[in-house]
Amino acid sequence: MALYVKAAEVLEKAERKQGALKTLVYDSKFKNIKQLFALVCETQRFSSVLLDIIESTKLLKQTKLKLHLAQVLVYDLVMGQGLKCGGSFKTTMMKHRPRLQAELARMKVKRKVSRNEDLLPAEAQLPSGEQLPRYVRVNTLKTTVEDVVDYLKRDGYTYQGQAVRLDDLTLKGKSFVKDLFLPELLVFSSKTDFHDHFLYKAGHIILQDKASCLPAYLLKPPSGSHVIDACAAPGNKTSHLAAIMKNKGKLFAFDLDAKRLATMSTLLLRAGVTCQQLAHQDFLKVNPDSPQYKDVEYVLLDPSCSGSGMVCLQDRSSADQTRLASLAAFQLRCLNHAVRFPRLKRLVYSTCSIHSQENEEVITAFLQQNSSFRRMSTVPKVTLAGGLEVCRILNGMWQVSGAHGTVSTTRAVEAMQTYADAGLTTFDMADIYGPAEDIFGRFNSQLKSSGKDAPALQALTKYVPNPGPMERKVVQKAVQRSMTRMQVEILDCVQFHWWDYNDRRYLDALGHLSDLQNEGIIREIALTNFDTQRMEEITNKGIRISSNQVQYSLIDQRPAVKMEQFCLANNIQLLTYGTLAGGLLSERYLGKAEPKSRAELYTASLSKYKKMIDAWGGWSLFQDLLVTLDTVAKKHDCSVASVATRYVLDRPAVGGVIVGCRFGVAGAGQHIRDSLCSCSPELKLTPEDHAAIEAVTQRSRDLMALIGDCGDEYRS
Ligand SMILES: C[S@@+](CC[C@H](N)C(=O)[O-])C[C@H]1O[C@@H](n2cnc3c(N)ncnc32)[C@H](O)[C@@H]1O
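These figures come from a predicted structure and were not determined experimentally.

> Account for the overall build of the chain, with residues named and values stated.
Of regular secondary structure, the chain possesses 26 helices and 20 strands. For the chain, the residues scored as buried account for 52% of the 716 residues in total. Taking the intrachain contacts of the chain between residues at least 6 apart in sequence as the baseline, contacts between residues at least 24 apart amount to 73%.

> Outline the sheet that holds strand E9 (residues 296-301), supporting the account with residue identities and numerical values.
With parallel pairing, five strands are arranged side by side in an open sheet as E8-E7-E6-E9-E10. Pairing within the sheet leaves two strands with one partner each, and these edge strands are strand E8 (276-280) and strand E10 (346-349). Going from strand to strand, the sheet's axes swing by 15° on average, the running direction of each strand aside. Here strand E7 (residues 250-255) runs beside E8; their pairing, made up of five bridges, is parallel.

> Describe the UniProt feature "active site" (unreviewed entry) in the chain, naming the residues involved and giving the relevant values.
With numbering matched to this structure, UniProt assigns "active site" (unreviewed entry) to Cys 352. One can find Cys 352 in the loop between E10 and helix H14 (360-369). Apart from residues lying up to four places away in sequence, Cys 352 is in contact with Cys 305, Gly 307, Ser 308, Gly 309 and Met 310.

> An account of the site of the ligand is requested, with residue identities and associated values reported.
Around the ligand sit 19 residues, and of these Asp 255, Arg 260, Asp 282, Phe 283 and Asp 302 come closest. Here Lys 237 contributes a side-chain N or O atom positioned 2.9 Å from an oxygen atom of the ligand. Contact between the ligand and Asp 302: a nitrogen atom at 2.8 Å from a side-chain N or O atom of the residue. Look at the ligand: alone it shows 600 Å² of surface, and the protein chains cover 89% of it. For the shell around the ligand, the residue count by class is nine nonpolar, four polar and six charged.

> Could you give an account of unusual backbone geometry, naming the residues involved and the relevant values?
That bond from Ala 233 to Pro 234 is cis: its omega, 10°, falls within 30 degrees of zero. Examined against the element boundaries, Pro 234 turns out to sit in the loop between strand E6 (226-229) and helix H11 (236-244). Unusually for a residue other than glycine, Ala 581 sits at a positive phi of about 50°. In this fold, Ala 581 is placed in the loop between strand E19 (573-577) and helix H21 (604-616). For Ala 581, a relative accessible area of 3% translates into the label buried.

> Tell me about the packing of aromatic side chains, residues and numbers included.
Using the criterion set out here, one finds 24 aromatic pairs in the structure. Relative to Phe 188, the ring of Phe 176 has its centre 4.9 Å away and its plane inclined at 10°; by these criteria the two rings are stacked. With a gap of twelve residues between them, Phe 176 in strand E3 (residues 175-178) and Phe 188 in strand E4 (residues 185-188) connect regions that are remote in the sequence. Summarising the aromatic geometry, the rings of Tyr 501 and Phe 530 are spaced 5.9 Å apart at their centres and angled 50° between planes, so their arrangement reads as tilted. Placement of Tyr 501 in the loop between strand E16 (491-496) and helix H18 (506-518) and of Phe 530 in the loop between strand E17 (522-528) and helix H19 (532-540) is noted, with a sequence separation of 29 residues between them. No difference in accessibility class separates Tyr 501 from Phe 530, as the two residues are buried. In this structure an aromatic cluster arises from ring pairing among Tyr 463, Phe 496, Trp 498, Tyr 501, Tyr 506 and Phe 530. One cation-aromatic arrangement involves Lys 174 over Tyr 157; the distance from NZ or CZ to the ring centre is 4.4 Å. The ring of Tyr 217 has Lys 220 lying over it, and the distance from NZ or CZ to the ring centre is 6.0 Å.

> Residue-level account of the environment of His 355, with values.
Looking at where His 355 falls in the secondary structure, it is placed in the loop between E10 and H14. Overall, the relative accessible area of 10% leaves His 355 in the buried class. For the pair formed by His 355 and Gly 309, sequence separation is 46 residues and the distance between their alpha carbons is 8.0 Å.

> Can you lay out the side chain of Asp 689 for me, pointing to particular residues and giving the numbers?
One can find Asp 689 in helix H25 (residues 687-697). At a separation of 2.9 Å, a polar atom in the side chain of Asp 689 contacts the main-chain amide nitrogen of Thr 686. Residues within four places of Asp 689 in sequence aside, it is in contact with Val 632, Lys 635, His 636 and Lys 684.

> So, helix H8 (residues 145-154): which residues are in play, and what are the values?
Burial in H8 covers these residues: Val 145, Val 148, Val 149 and Leu 152. Within H8, the buried residues cover an arc of 100° as seen down the axis, which keeps them to one side. In this structure, the buried residues of H8 make contact with strand E1 (134-138), strand E2 (158-162), E3, E4, helix H9 (198-201) and strand E5 (205-206).

> Can you break down the sheet that holds strand E20 (residues 654-660) residue by residue, with the values?
Taken together, the eight strands give a closed barrel; going around it, the order is E13-E14-E15-E16-E17-E18-E19-E20, and neighbouring strands pair in parallel fashion. When strand polarity is set aside, the average angle formed by the axes of neighbouring strands in this sheet is 30°. Examined bridge by bridge, strand E14 (residues 426-428) and strand E15 (residues 458-463) share three bridges and lie parallel to one another. Bridge pairing links Thr 426 to Gln 458 in E15.

> Tell me about the state of the cysteines, and please be specific about residues and values.
Disulfides are covalent bonds that link the sulfur atoms of two cysteine residues. Summed over the entire model, instances satisfying the criterion amount to zero disulfides. Cys 710 provides the cysteine sulfur closest to Cys 567, a residue in no disulfide bond, and the two sulfurs are 8.7 Å apart. Given the relative accessible area of 1%, Cys 567 is considered buried.

> Can you tell me about the pattern of salt bridges, naming the residues and giving the values?
Within the structure shown, the criterion is met by 31 salt bridges. Here Glu 437 and Arg 485 are joined by a salt bridge, their closest N and O atoms 3.0 Å apart. Remark: Arg 485 occurs in helix H17 (residues 472-486) and Glu 437 occurs in helix H16 (residues 436-449); sequence separation between them is 48 residues. Judged by its relative accessible area of 22%, Arg 485 is partly exposed. Across the pair Glu 519 and Arg 472 runs a salt bridge whose closest N-O atoms are separated by 2.9 Å.

> How would you sum up the packing of helix H4 (residues 47-56) against helix H7 (residues 87-111)? Please name residues and give values.
Relative orientation of the contacting elements H4 and H7 amounts to 125°, with a least axis distance of 10 Å. Regarding the angle of H4 to H7, the classification is oblique. Here the hand of the crossing between H4 and H7 comes out right-handed. For the pair formed by H4 and H7, the contact residues are Val 49, Asp 52, Ile 53 and Ser 56 on the first element and Leu 100, Glu 103, Leu 104 and Met 107 on the second.

Rules behind the numbers
- Residues numbered from 1 in each chain as written.
- Predicted model: local features only at pLDDT ≥ 70, side-chain atom pairs only at ≥ 80, totals over all residues.
- Heavy atoms only, no water.
- Helix = DSSP H or I, 4+ residues; strand = E, 2+ residues; numbered from the N terminus.
- Buried < 20%, exposed > 50% of the residue type's maximum accessible area, 1.4 Å probe, protein only.
- Contact = heavy atoms within 4.5 Å.
- Pairing = 2+ DSSP bridges.
- Axes fitted to C-alpha atoms, helices over the stretch in contact; angles between N-to-C directions.
- UniProt positions renumbered as here; feature names shortened; annotations may be inferred.
- Near = heavy atom within 4 Å.
- Polar contact = N/O pair within 3.5 Å; in protein donor to acceptor, adjacent residues only side chain to side chain.
- Areas by Shrake-Rupley, 256 points an atom, 1.4 Å probe, with all protein chains shown as cover.
- Nonpolar A, V, L, I, M, F, W, Y, C, P; charged D, E, K, R; others polar.
- Phe/Tyr/Trp six-rings, centres within 6.5 Å; stacked < 30°, edge-to-face > 60°.
- Lys NZ or Arg CZ within 6 Å of the ring centre and 35° of its normal.
- Arc of directions from axis to C-beta.
- Disulfide = S-S within 2.5 Å.
- Salt bridge = Lys/Arg side-chain N within 4 Å of Asp/Glu carboxyl O.
- Parallel < 35°, antiparallel > 145°, perpendicular 65-115°, else oblique.
- Left-handed = near helix turned anticlockwise from the far one by under 90°.

Spelled out as C-alpha cells, the structure:
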C-alpha cells in the first residue's frame, strides 16, 4: 500500500510544481526508489488515458479515492503488472476491475488501436512505437564484456553480436546485442529486467541508459588522472568514470544530498570502485586553488536539472519558466566554478533536459562570460584504435602531387589554414604525393611558431614502397624521411600500401612498422587499398591495424560486400576516398553530356572515376543517380556532394571520408561548406532517401565480380 500512497504523493507534488519527479522520488524516503520511480513515470505518461477511464467509470465517486491515488492504482491494475498490495484498497479496486478493464478495451476499439501505447498522444509515445531498449553497462572493474556475454548465453539469452544499425536495437524476448558505439554497453529488449539478476547484484553489470553513459565516455579520463565529478550522486557516472580510469588516479565526487550520497556509497561498493573520495559538500564551495585539486585535469559536471529529457516524463513541452531560469542560473554558476581548476584540460557538461535554457543557452552565456573559451569546431571526430582522434571529413592532399595541375606551396599553405580554421584539421597525404608532406611540414611549423592558440592537427601519411627488400633499416629510413618532411616528432598514422601480394614481404614491412609503433615513433598503423583477405591475414599475425583506406562511394560500394563486416568485428575504421568520384558526383555534371575527351576529363581524378562510372553502369545510369541525389539534396537544402558524402559516412564501418582539397583553387569555400554540411548532425538521410538512391544503385553492375575486392584495381 505504501507504494501507491507515496506514488500519489509524488505525483501531486509534481503537479503543484514542487520539484522534478526524480527529486521528489528521491526525497520521498521510500525504500524501493526504482519501483516507485517506474510507477510514477508510467502513471504520469498515461495520465490522460487514466483520467478518461476514471471519469467514465465514475471511480472517484464510487470509491472515495483521491485522484492521484486512483490514478496509480488504476495504472497498475489494468495497464501495469497488477496490484502489489492487499487490504481494503485491493478489495475495492478488484471490485471495480471488470468495469475499468472494459473501459480501457472500449477506448482501444473506438480509437482502432490494440496497444495501450497507441492511446497516447504522439509526443508521449516512445520512439518507433516500441518501448526503448534496455541498456546494460558491463562493469569492467569486475568483469569483461566477453565474460558477461558468455554468462548470459548460458543463462538462456541469445547473443546477436555487434549492432551495426539502429534497427538492430529493436529486440525481442531474450535476444541482446552489443551497442553500436559504446564498447561496454549491451542492449536488450524493453521488457528485460535485471534487478534480481546475479550479475547486477554482484556489480558485474550496471543498469544505465546509453544517454547516461555518454558523459563519462566523452570525458575519457586516462588511467591515473585526477578527476572531479561535481554533482555525483547517485553515482552511475562516477562508477563509469572509475571503470574508464581502471580505478587508478583520484576521483573526487561531491554531492549536497546526504541520502543520495548514501545510495551512492552502496552503489560504488557493489561496483568495486576504490579510487573515489566522496564528499558531502556543495561543489560551489570547493576551493579550486586547494593543493589537493592541483592535478585535476578532468571535470564531469552533471548538475541538477529539470529532467525534462527523461523518456518516462510525459509533459515535455510545457515548462515552468521561473524554475528553468533558476536551474539555468545554478548550472551556469557550476560551469563557471568548474573552469577555475588551474589544470583543467577537459570538461563535460551534461543534463537530462531537453530545454535549450539549460543546455545551449547555458553554454552561450558561459562563452560570453569567458572570452578565453571558444566554441569548438562542429566537425565530428572518430577515435582510431591507438587513440588518435581524426575528423570524420579528412582533407585529401592528392591534389598537390601534380596530377591535378601545379599548386604553389605558399598558396597551398595559406589554404590549409582556411581548412583548419573551419575545424577540418585532419590531413591525408603520402610519401608519393610529390611535395605533400613538405607542404604539410611548412604549414605545421608555421602554425606552431605563430604563437596563436593553434588547433591540433592530425597528419596521416602513407608508406608506398617500391617492391624490394623490406628490412628494418629500409622501413625506418622511410618513416624518418616522412617525419623530417612533415616536421613532426611522431607520425600520427602510417598507412601502408603494397603493390603485389605474391611478394609476401609486406608482412616484413608491417612487422617493422609495428616495432616502430611499440617504440613510440608511430601512433597508428593503417593500410591503404588492402583487400579483406590480407587484412585478415595481417590481423591474425597480431599486427594492430587502425584503418584501411579504400575507394567507397555511391558508385563503388565494394567495401559493403565483406570488408565492412570484418572491420566492425576488428575495430578497424574505413577511411574512404573517391567518395565524390573526383568531383563527378555534383550538380556540375547534372544533365551534362558524357565527358570523353582529355580536355573534359582534365584531372587525374576525373579520368580515374569516369572509368569507374563506365564500369559501374555508364553515363545514363549515372545521370539517373544525379537526378535522384539532386532531389534529395534539395529536400535537405544541401548539395549533391553533401548527400553523396553523408551516404558513405553513415555506413557502419566508415570512420571518415577523405575529400580532395582544392588548395588555391576557386570554389574551395563551397567545398568546405559542403564538407561541413555533410557531417553535420542536422543532415539525416531518411529511409525514403535511401530507398530512392538505392533504387538507382541497384541497377548497376556488380563491381566486386568485375574488379574484385577493394584495391584489386591496383594489382594485376
Ligand atoms: C543530475 S543529478 C546527478 C546524477 C549523477 N551524476 C549520476 O549520474 O548518477 C544532480 C545531483 O547534483 C546534486 N547537487 C545539486 N546541487 C549541488 C551542489 N551545489 N553541489 C554538489 N551537488 C549538488 C544533487 O543532489 C543531485 O544528486
